[in-house]
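Listed below are the residues making up each chain.
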Amino acid sequence: MLLDQTGRVFYRALSILKGMDRVLVTGGAGFIGSHLCIRLLSEGYRVYCWDNLDTGSMDNLTSILSSPHFEFARHDIVQPRDFAVDRIYNLACPASPLHYQRDAVKTIMTSTVGVMNMLELAERYGARLLQASTSEVYGDPHVHPQREDYWGHVNPIGPRSCYDESKRLAESLLMAHQRQRGASVRIARIFNTYGPHMHPNDGRVVSNLIVQALKKEDLTIYGSGCQTRSFCYVSDMVDGLVRLMASDLRGPVNLGHPVETTVRELADMINDLAGGHSRIVYHSLPTDDPYRRNPDITLARERLGWEPLVPLREGLRYTMEYFRSIIGH
Ligand code: NAD
Ligand code: UDP
């Protein structure tokens, strides 16, 4: 115990002397994580990225791999690992329904045991931990738009529950740790985010529709297309995460675009941007697919001075350029 405390004090003194915060980004080879690593490096942090590469890719890190201030380790957060850090952004977890349902048990382990491991690291080194939570904690909401004080409407045993319920438990773990042991935690409830570095085959609506539109294939809409989401461009999301980490707001706080869009409107916009060559076809709606989803971001606006700046059409254009470069259409 005493040794532990001495080690911690020594580590803090060393890091202050070196004048450079050590930041760990788990899931840093994924879509949002890779943009976060790039942003943190540009701000002068020393960035350590842990990723098991289940859904992430080293290609997302090519622009920073040679930086002397960046280090990548292939590591699964379900396994404990000791490492001295000042800040932890815990993004490790598959995010698309296709990916997180592929190995549902592993998804649960990642957002429970994995989160515990991150909390223990945070406690050992007095580090602040930001958890990437999700709008899925609201399930198929009965309150609209969703505010942070809404408790949600989640099916605890359905196919999405491995993700929804383990993310809810992760929030609970963070809060319990903070109350009981004084951990410094931040909880971001991330709503649908899109942009470059999305996986082209992750089955999410933005990536599916853009890839289909570029290939002049049919655009697949599940259900009637009247269901809604709000789509936040990735640079805005990363900015929200960085602001939350730096703030004294513990959260949970909603981070997402406050403009609600139907899936049909999204499909029309994407088709139009790609030249209008595709037809729309309708498939059945997946089980428990939420009908309406839109964040109330008053808290983020007031406490973080944050709101998304990139309009949907503009963000879709950037994303389309990215997909064009990787799929060659
Ligand atoms: P992503 O799948 O692109 O990235 C997740 C990364 O975590 C991948 O690189 C993957 O290999 C890695 N990973 C998964 N399990 C791991 C484990 N056990 N140990 C180490 N690494 C592991 O997803 P994303 O869209 O970048 O999402 C990042 C985070 O944001 C996730 O926690 C997700 O739940 C959350 N989130 C994302 C969205 C969104 O719209 N993209 C919405 C809500 C919440
Ligand atoms: N969706 C769709 N066509 C697709 C992929 C998804 O209509 O090719 C729908 C999906 O059923 C959901 C919405 O788009 O209603 C958003 O799906 P996504 O998987 O991107 O995110 P999530 O459901 O997790 O919010």
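Structural data are supplied above this passage.
Residues numbered from 1 in each chain as written. Chains lettered and ligands numbered in written order. Predicted model: local features only at pLDDT ≥ 70, side-chain atom pairs only at ≥ 80, totals over all residues. Heavy atoms only, no water.

Undergrad: Even after reading the chapter, I still don't get the packing of aromatic side chains, so can you show me in this structure?
TA: Aromatic ring pairs are reported here in terms of the distance separating the ring centres and the angle at which the planes meet. A complete count under the given rule lists eight aromatic pairs for this structure. Ring geometry for Y138 against Y150: centres 6.0 Å apart, planes inclined by 15 degrees, an arrangement best described as stacked. Note that Y138 is positioned in the loop between β5 (128-134) and α5 (161-181) and Y150 in the loop between β5 and α5, a separation of 12 residues in sequence. Accessibility expressed as a relative area gives 0% for Y138, which makes it buried. Take Y150: its relative accessible area is 14%, and that puts it in the buried class. Members of the aromatic cluster, connected to one another through ring pairs, are Y48, W50 and F83. Between R22 and the ring centre of F83, over which it is positioned, the NZ or CZ distance is 5.1 Å. (Phe/Tyr/Trp six-rings, centres within 6.5 Å; stacked < 30°, edge-to-face > 60°. Helix = DSSP H or I, 4+ residues; strand = E, 2+ residues; numbered from the N terminus. Buried < 20%, exposed > 50% of the residue type's maximum accessible area, 1.4 Å probe, protein only. Lys NZ or Arg CZ within 6 Å of the ring centre and 35° of its normal.)

Undergrad: What is the right way to look at the site of ligand 2 in this model?
TA: Close to ligand 2 lie 16 residues, the nearest being V205, T220, Y222, R229 and D289. Between a nitrogen atom of ligand 2 and a main-chain N or O atom of T220, the distance comes to 2.8 Å. One nitrogen or oxygen atom from the side chain of Q227 is found 3.0 Å from an oxygen atom belonging to ligand 2. Computed on the free molecule, ligand 2 has an accessible area of 520 Å², of which 95% lies beneath the protein chains in the complex. Of all the secondary-structure elements, those providing two or more residues to the shell around ligand 2 are α6 (205-214) and β8 (219-222). Top element by residues in the shell around ligand 2 is β8. It accounts for three residues. Looking at the shell around ligand 2 residue by residue, the classes come out as six nonpolar, five polar and five charged. (Near = heavy atom within 4 Å. Polar contact = N/O pair within 3.5 Å; in protein donor to acceptor, adjacent residues only side chain to side chain. Areas by Shrake-Rupley, 256 points an atom, 1.4 Å probe, with all protein chains shown as cover. Nonpolar A, V, L, I, M, F, W, Y, C, P; charged D, E, K, R; others polar.)

Undergrad: What should I look at first to understand the environment of I77 in this one?
TA: In this fold, I77 is placed in the loop between β3 (70-74) and β4 (87-90). Sequence separation of I77 and T298 is 221 residues, and the distance between their C-alpha atoms is 33 Å. Dropping the residues within four chain positions of it, I77 is found in contact with T26, N90, A92, T110, G114, V115, N117 and M118. (Contact = heavy atoms within 4.5 Å.)

Undergrad: Got a minute to help me understand unusual backbone geometry in this structure?
TA: What you tend to see is this: most non-glycine residues have negative phi, and most peptide bonds are trans. With an omega of -10 degrees, the peptide bond running from H144 to P145 counts as cis. Here P145 shows up in the loop between β5 and α5. Notably, L53 is not glycine yet its phi reads approximately 60 degrees, a positive angle. With respect to the helices, strands and loops of the structure, L53 is situated in the loop between β2 (46-51) and β3. The phi dihedral of D288 is positive, around 65 degrees, even though this residue is not glycine. For D288, a relative accessible area of 31% gives the class partly exposed.

Undergrad: Looking at this structure, how should I read the sheet that holds β2?
TA: Where strands meet in a sheet, backbone hydrogen bonds hold them as pairs that are either parallel or antiparallel. Here seven strands make up an open sheet; going across it, the order is β3-β2-β1-β4-β5-β6-β11 and the pairing parallel. Two strands lie at the open edges of the sheet, namely β3 and β11 (253-255), each paired on one side alone. Ignoring which end each strand starts from, the neighbouring axes of this sheet average 20 degrees apart. The pairing of strand β1 (residues 22-26) with β2 spans five bridges and is classified as parallel. Residue pairing across strands places R22 opposite R46, the latter belonging to β2. Strands in contact with helix α2 (residues 31-42) are β1, β2, β3, β4 and β6 (184-190); relative to β1, the strand with the most contacts, it is inclined by about 165 degrees. On top of the sheet, α5 reaches β5 and β6; it is set at about 155 degrees to β5, its chief contact. (Pairing = 2+ DSSP bridges. Axes fitted to C-alpha atoms, helices over the stretch in contact; angles between N-to-C directions.)

On their own, these measurements won't tell you what the molecule is for.
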